[in-house]
Amino acid sequence: MANFDSIESAREFFYKDKFAVNTGVKLDELTEDKAVCSLELNDDHRNAYGGVMGGVIFTLADFAFAVLSNQIHQLTVAQQVSINYLAAPKGDTLFAEATCRKSGRTSSIIIVNISDDVGRDVAQFVGTGFKL
């Protein structure tokens, strides 16, 4: 059962997630079992070598995880997360697609795949959400 009655209500709720919002993360799609978020990259997202900072990629993935886990059960908080960086982004936009692998009585497992707008797989994030 979905906790947000529309994508607009989810956007309004998560607008309070100031770090992600100020980073530029946007919620593009939300269903009962999937959340898609995006981030247009700019110079503020780059490290000293000119690459996209790992923390930027993590922030996008964590936001998608938060949206979907709280769509499944509100209130859910992260209990454990991990990320594997697969390749440096080459495009101008990152996308995070979160899907639920398992939703149990007290926890959920969310997989977030991060890619860029040229089709490159950038990272995979796995999060365990604890249902409060």
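Preceding this section is the structure that the text describes.
Only a predicted model underlies this, so the values are computations on that prediction, with no experimental measurement involved. Counting of residues starts from 1 at the beginning of each chain's written sequence and follows it residue by residue. Local features are withheld for residues below a pLDDT of 70 in this predicted model, meaning they are given only at 70 or higher, and side-chain atom pairs are given and counted only at 80 or more; totals for whole chains, interfaces and linings count all residues. By convention in this description, side-chain values take in all heavy atoms of the structure and omit both hydrogens and water.

Chemist: Can you explain the packing of aromatic side chains? Please cite residues and give values.
Modeler: When the centres of two rings from Phe, Tyr and Trp lie within 6.5 Å, Trp using its six-membered ring, the rings pair. Their planes under 30 degrees apart give stacked, over 60 give edge-to-face, and anything left gives tilted. Using the criterion set out here, one finds six aromatic pairs in the structure. For the pair Phe13 and Phe14, a centre-to-centre distance of 5.0 Å together with 85 degrees between the ring planes defines the contact as edge-to-face. With a relative accessible area of 32%, Phe13 lands in the partly exposed category. Under the scheme applied here, a residue whose accessible area is under 20% of the maximum for its type counts as buried, over 50% as exposed, and between as partly exposed, the area being computed with a 1.4 Å probe on protein chains only. Accessibility expressed as a relative area gives 7% for Phe14, which makes it buried. Aromatic rings pair up to connect Phe4, Phe13, Phe14 and Phe63 into one cluster.

Chemist: Residue-level account of the environment of Gly127, with values.
Modeler: Among the structural elements, Gly127 can be located in strand S6 (residues 121-131). Between the C-alpha atoms of Gly127 and Ala66, which are 61 residues apart in sequence, the distance is 9.2 Å. Residue contacts for Gly127: discarding those within four places in its chain leaves Phe65, Gln80, Val81, Ser108, Ile109 and Ile110. Helix numbers and strand numbers start at the N terminus; a helix is a DSSP run of H or I with at least 4 residues, a strand a run of E with at least 2. A contact between two residues is defined here by any heavy atoms of the two lying within 4.5 Å.

Chemist: How would you sum up the nonpolar core? Please name residues and give values.
Modeler: The nonpolar core is taken to be a set of buried Ala, Val, Leu, Ile, Met, Phe, Trp, Tyr and Cys residues, with the residues joined through side-chain atoms within 4.5 Å. Formed by 34 residues in total, the largest nonpolar core has its most connected members in Val112 and Ile114. Ranked by residue count, the leading element in this core is helix H3 (residues 54-72), at eleven residues. Those residues within four positions of Ile114 in sequence are excluded, and the remaining contacts are Ile57, Leu60, Ala61, Leu94, Phe95, Ala96, Arg120, Asp121, Val122, Ala123, Gln124 and Phe125.

So far we have only geometry, and geometry alone does not tell us how the molecule works.
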